[in-house]
Amino acid sequence: FWGLAFEMDSQSIAASYQGGSLELFSVPTGHRHWVITNKYNTLSIAFSRDGRSVVTACSDSAIRVLDKATGKVVRTLTEHGGPYCLERPGDGRILAVGNGDHTISLWDAISWKPLKILNGDHPVPKSRLIDDRIKSISFSRNSQALVATDWDQEVTVWDCATGHPICELKAPSAESSSISCALFA
């Protein structure tokens, strides 16, 4: 699996696989609603709050919004730094996109317009990075903060309103530590 996501009402699961396949399944029945085969991999998946759309971060640097009923692309978002992971808070109003250029893009999940790019006042110098990609992101329960991990073994907590880092943590040793994801409790 490249990506896996539950719909908020737990009735559907979207799954993506290496080789470009993206599928939507019914949880109660196990029935496959649709399958799409693409030339690119779907790296991360999120559902819209209203359950009508499936949002995908793709290896061809596009974010695609799909109609959940048909699997057809209804919108392609391109104003970002190459998506790698997606996250939606509980209220579903924002889509956060972890990008390949070490930034996080915040999008209005209703109008699909970009809101803000989180990269701090002093972006991490490229020479310090092992890999620029944001690995995982997660919103706090109140959606006012976001935690992100990257491939350089750093964890950053962001203030979503100001776009500034609240706290930055570094793994003790890149050789001995691997931070796969971080979540708020």
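Residues numbered from 1 in each chain as written. Predicted model: local features only at pLDDT ≥ 70, side-chain atom pairs only at ≥ 80, totals over all residues. Heavy atoms only, no water.

### Digging into the overall build of the protein
Phase 1 of the analysis: Within the protein one finds 0 helices and 16 strands.
Phase 2 of the analysis: Counting across all 185 residues of the protein, residues that qualify as buried make up 50%.
Phase 3 of the analysis: Long-range contacts, defined here as pairs at least 24 residues apart, represent 38% of the contacts in the protein between residues at least 6 apart.
Phase 4 of the analysis: For the protein, the exposed area adds up to about 9600 Å²; of that, 51% sits on carbon and sulfur atoms. (Helix = DSSP H or I, 4+ residues; strand = E, 2+ residues; numbered from the N terminus. Buried < 20%, exposed > 50% of the residue type's maximum accessible area, 1.4 Å probe, protein only. Contact = heavy atoms within 4.5 Å. Areas by Shrake-Rupley, 256 points an atom, 1.4 Å probe, with all protein chains shown as cover.)

### With respect to the sheet that holds strand β5 (residues 42–47)
Phase 1 of the analysis: Ordered by their spatial adjacency, 4 strands build an open sheet running β5-β6-β7-β8, and the pairing between neighbours is antiparallel. Whereas interior strands pair on both sides, the edge strands pair on one side only; in this sheet they are β5 and β8 (73–77). Direction aside, the axes of adjacent strands within the sheet are offset by 20° on average.
Phase 2 of the analysis: Sheet analysis places strand β6 (residues 53–58) next to strand β7 (residues 63–67), joined by 5 bridges and oriented antiparallel. Its bridge partner lying in β7, Ala 57 is registered against Ile 63. (Pairing = 2+ DSSP bridges. Axes fitted to C-alpha atoms, helices over the stretch in contact; angles between N-to-C directions.)

### A word on the nonpolar core
Phase 1 of the analysis: Counting residues in hydrophobic clusters, the biggest one holds 13 residues, and the most contacted among them are Ala 96, Ile 104, Leu 106, Ile 137, Phe 139 and Leu 146.
Phase 2 of the analysis: Of all elements in the fold, only β10 (94–99), β11 (104–108), β13 (134–139) and β14 (145–150) reach the threshold of two or more residues within this core.
Phase 3 of the analysis: For Leu 146, the residues in contact, after removing those within four places along its chain, are Ala 96, Ile 104, Leu 118, Ile 137, Ser 138, Phe 139, Thr 156, Val 157, Trp 158, Cys 160 and Phe 184. (Core = buried A, V, L, I, M, F, W, Y, C linked by side-chain atoms within 4.5 Å.)

### Quick look at the confidence of the model for the protein
Phase 1 of the analysis: For the protein, the mean per-residue pLDDT works out to 84, and 88% of the residues sit at or above 70.
Phase 2 of the analysis: In the model, residues 122–130 has pLDDT below 50 throughout and makes 12 contacts with residues more than four positions away in sequence or in other chains. (pLDDT = per-residue confidence, 0-100.)

### Focus: the pairing of β14
Two faces, one strand: in a regular strand the side chains alternate between the faces of the sheet.
Phase 1 of the analysis: Across the 6 residues that make up β14, a large majority, 6, are buried.
Phase 2 of the analysis: Residues Ala 145, Val 147 and Thr 149 line one face of β14 and the alternating positions Leu 146, Ala 148 and Asp 150 line the opposite face, and both faces are buried.
Phase 3 of the analysis: For β13 and β14, the ladder comprises 5 bridges, and the chain directions are antiparallel. Directly across from Ile 137, in β14, lies its bridge partner Ala 148.
Phase 4 of the analysis: Between the end of β13 and the start of β14, which pair antiparallel, lie 5 residues, with Ser 143 showing a positive phi angle near 65°.
Phase 5 of the analysis: Pairing geometry for β14 and strand β15 (residues 154–159), over 5 bridges, is antiparallel. Pairing of Thr 149 across the sheet is with Val 155, part of β15.
Phase 6 of the analysis: In this antiparallel pair of consecutive strands, β14 and β15, the connection spans 3 residues, and Gln 153 shows a positive phi of 65°.

### Brief notes about the sheet that holds strand β2 (residues 12–16)
Neighbouring strands of a sheet are bound in pairs by backbone hydrogen bonds; such pairs are parallel or else antiparallel.
Phase 1 of the analysis: Strands sit in the order β1-β2-β3-β4 across an open sheet of 4 strands; the sheet is antiparallel. Across the chains shown, the open sheet's two edge strands, defined by having one partner strand only, are β1 (3–6) and β4 (32–37). Between one strand axis and the next, the sheet turns by 10° as a mean value, whatever way the strands run.

### Topic: the side chain of Ser 44
Phase 1 of the analysis: Here Ser 44 lies in strand β5.
Phase 2 of the analysis: Owing to a relative accessible area of 10%, Ser 44 belongs among the buried residues under this scheme.
Phase 3 of the analysis: A polar contact of 3.0 Å, which involves the side chain of Ser 44, links it to the backbone nitrogen of Leu 86.
Phase 4 of the analysis: If we skip the residues at most four places from it in the chain, Ser 44 touches Val 55, Thr 56, Ala 57, Tyr 84, Cys 85 and Leu 86. (Polar contact = N/O pair within 3.5 Å; in protein donor to acceptor, adjacent residues only side chain to side chain.)

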